Amino acid sequence: MARRAVVAGKKPMVADTKPRAMAPIEPVLELDDIQGIAAPGFLKPHHALVYLRLPEAIAQLITIREHLAAMVSAGAIASGRKTLEDRRQHRQFAAGAAKREARAPLVALAFTAQGFGRFTPAVSQFKSPAFRGGLAARSALLGDPVDPEDPAAAANWVVGGPGNELDAMFVVAGDHQADVRSMAQRIAGDLVGLGANVAVQHGDVRADQPGHEHFGFDDGVSQPGIRGRASHAPDDFVTDRKLDAADLPDAWLYGYPGQDLVWPGEFLLGYPVSGADPLLPGPTLPCEPWMRNGSFLVYRRLRQDVAGFWQTMRREAARLAKTSGFEGLTDEALASRLVGRWPSGAPVLRTPDKDDPDLGADDMANNDFRFDNDTPARAGGPSPFADAQADPVGIVCPAGAHIRKVNTRDSGSDMGGGNASQTRRLLRVGVAFGESLADRYGNGRSRSARRGPRPVVSFDSIVDRGPVRVSPGALDQQRIAPARSWRT
């Protein structure tokens, strides 16, 4: 990526090679008018999705609009500032620097174009065919099945299929399952009482493997960090900076080691996007004034065929183990090569032969690697873990590995140089729902019991590469802001 192109030298740069004045000047984010789910993000273990379809009666529609506006006025929709304060309190507690405080669940609200259009003709100001058309009508463009007999075809979606598109969706997230479910039921009950059609989907971290998705891999290890400050204080960054100040230019390029710092316009409307130089802001893309501070929320409801995946890994590993160069290959090792990480989250480039849970749990090391270059030396001293060696042709981490396709780091891609990927980043969270599969091979289980579903929510700011707006101020000012919602 462009940031990687800057740092991709054979030797680490020393602190005095660039004057301090060259550090990026990051914008102050208007966190009181940004939904916290977009920036800085909820990052909670328990979630509930409240699906909403609006009534046809105008009187009921007006009542619901007034109800939603009242929720915003009362602070029920979590702002970016409230969410950042919540996160900082949690980290202080985790570090032993503060007592645990009761924190109410955080709530977000997003609208589809269909739902937004029920309240205002301003929906016409969105020129994007992707947002205005909705996913059900465009799912084939993403490679979704079109055969109506296929359970993954849009006609068979559990949520948001043709003729059953949502108007809006609440996301409730918190530290305690009971609190989240109580809040979701309260929101749903109020809306049902006003004439809306509502359903609720609960999702929680896996009790047997917290932080892991249903295939068994630690999820969300590599997320970009959003550039921007919470106040005019020079170091009040929304994304924490963990690198030693002497590690230049990396200290200006990353939050945690390997966590790209991306200009806020990639996720929020009305701010500068990433440009050719990752240390300099790109242009601010035009948008209507009321869209500023909004984002596009993308929602996809996925099914994971856990048993099918692991049966394939077992079969193919056994076949490959009979060939030269693959002796002793296990299904877990093969699966980890396909992902690019071991189940613990440890990158295969830093531990090629076996999983290392300590590395997987170390936020200062589990994402600190590149593809075309060695892991750089750090000012704080050597890492307790082996450094990653350059792997430009994909011998250790295959070119087709998941982590290599979605984040090319210092490598180029078919989209162009590294910066082409940097301008296509998104913030994503996956939440598991449904029971875990005790036997990952699904022995003795029906096919329906082999699947672990989960919803995936992500954020972007470019309308035709992802969905729409979630600023709390719009509701409070009698303008309901949409937030793109895609679903399967």
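Computed from a predicted model, the values in this text were never measured in an experiment.

**Observations concerning the environment of D179**
Here's step 1: With respect to the helices and strands, D179 occurs in helix α7 (residues 177-193).
Here's step 2: According to the relative accessible area criterion, D179 is partly exposed, its value standing at 38%.
Here's step 3: Along the sequence, D179 and R103 sit 76 residues apart, while their C-alpha atoms lie 9.6 Å from each other.

**Some words on the pattern of salt bridges**
Here's step 1: If you walk through the whole model with that rule in mind, you get 22 salt bridges.
Here's step 2: Here D144 ties to R300 by a salt bridge, and the two come within 3.0 Å at their closest N and O atoms. With D144 in the loop between α6 (135-138) and β3 (168-174) and R300 in strand β9 (residues 296-305), this pair connects stretches of sequence that are 156 residues apart.
Here's step 3: A residue is classified by how much of its surface remains accessible, and R300, at 17% relative accessible area, is buried.
Here's step 4: One network of salt bridges, in which partners are shared, links K44, D86, R103 and D175.

**Some details on the sheet that holds β3**
Here's step 1: If you trace the four strands from one edge of the open sheet to the other, you get β2-β3-β1-β4, paired in antiparallel fashion. Bordering the open sheet on either side are β2 (106-111) and β4 (197-204), each of which pairs with just one other strand. Direction aside, the axes of adjacent strands within the sheet are offset by 15 degrees on average.
Here's step 2: Bridge count for β2 against β3 is six bridges, and the pairing is antiparallel. Along β3, the bridge assignment pairs A110 with M169.

**Side note on the packing of helix α9 (residues 306-320) against helix α10 (residues 331-339)**
When two helices pack together, their arrangement is given by the angle between the helix axes and the distance between those axes.
Here's step 1: One way to put it is that α9 packs onto α10 with a least axis distance of 8 Å and a crossing angle of 105 degrees. As summarised for this structure, α9 and α10 are arranged roughly perpendicular, according to the angle between their axes. Across the interface between the two elements, F309, W310, M313, R314, E316, A317 and L320 from α9 touch D331, E332, L334, A335 and L338 from α10.

**Quick look at the nonpolar core**
Here's step 1: Judged by nonpolar contacts, the single largest core of 35 residues is most densely connected at L68, F170, V172, I187 and L191.
Here's step 2: Broken down by element, this core gets its largest block of residues, six residues, from α7.
Here's step 3: Core analysis: the second largest hydrophobic core is formed by 15 residues, F42, A78, V159 and Y299 among them.

**Side note on helix α3 (residues 80-94)**
Because an α-helix packs 3.6 residues into every turn, residues spaced three or four apart end up facing the same way.
Here's step 1: Its 15 residues give α3 an end-to-end C-alpha distance of 21 Å, which sits within 8% of 21 Å, the value for a rise of 1.5 Å per residue.
Here's step 2: Along α3, the positions that sit buried rather than exposed are G80, T83, L84, D86 and R87. Within α3, the buried residues cover an arc of 160 degrees as seen down the axis, which keeps them to one side.
Here's step 3: Tucked inside the fold, the buried residues of α3 contact β2.
Here's step 4: Trailing α3 by a residue or two, G96 shows a phi angle of about 80 degrees, which is positive.

**Brief notes about the packing of aromatic side chains**
The description of two aromatic rings rests on the distance between their centres and on the angle between their planes.
Here's step 1: Across all of its chains, the model carries eleven aromatic pairs by this definition.
Here's step 2: Aromatic side chains F217 and W310 sit 6.3 Å apart centroid to centroid with 5 degrees between the ring planes, which places their arrangement in the stacked category. Of this pair, F217 sits in the loop between β4 and β5 (225-226) while W310 sits in helix α9, placing them 93 residues apart in sequence. For the pair F217 and W310, one class covers both residues: buried.
Here's step 3: An aromatic cluster of at least three residues, connected via ring pairs, comprises F116, F126, F131, W290 and F296.

**Quick word on the confidence of the model for the chain**
When pLDDT drops low, the exact placement of atoms in the prediction is not to be read closely.
Here's step 1: Mean pLDDT over the chain: 85, with 86% of residues reaching 70 or higher.
Here's step 2: No element of the chain has a lower mean pLDDT than helix α1 (residues 2-7), at 33, and none a higher one than α10, at 98.
Here's step 3: Across residues 446-451, where pLDDT falls below 50, the model places 13 contacts with residues more than four positions away in sequence or in other chains.
Here's step 4: Residue range residues 465-488 is modelled with pLDDT below 50. Its contacts to residues more than four positions away, or to other chains, number 133 contacts.

Cut-off values and rules
- Residues numbered from 1 in each chain as written.
- Predicted model: local features only at pLDDT ≥ 70, side-chain atom pairs only at ≥ 80, totals over all residues.
- Heavy atoms only, no water.
- Helix = DSSP H or I, 4+ residues; strand = E, 2+ residues; numbered from the N terminus.
- Buried < 20%, exposed > 50% of the residue type's maximum accessible area, 1.4 Å probe, protein only.
- Salt bridge = Lys/Arg side-chain N within 4 Å of Asp/Glu carboxyl O.
- Pairing = 2+ DSSP bridges.
- Axes fitted to C-alpha atoms, helices over the stretch in contact; angles between N-to-C directions.
- Parallel < 35°, antiparallel > 145°, perpendicular 65-115°, else oblique.
- Contact = heavy atoms within 4.5 Å.
- Core = buried A, V, L, I, M, F, W, Y, C linked by side-chain atoms within 4.5 Å.
- Expected span 1.5 Å × (residues − 1).
- Arc of directions from axis to C-beta.
- Phe/Tyr/Trp six-rings, centres within 6.5 Å; stacked < 30°, edge-to-face > 60°.
- pLDDT = per-residue confidence, 0-100.

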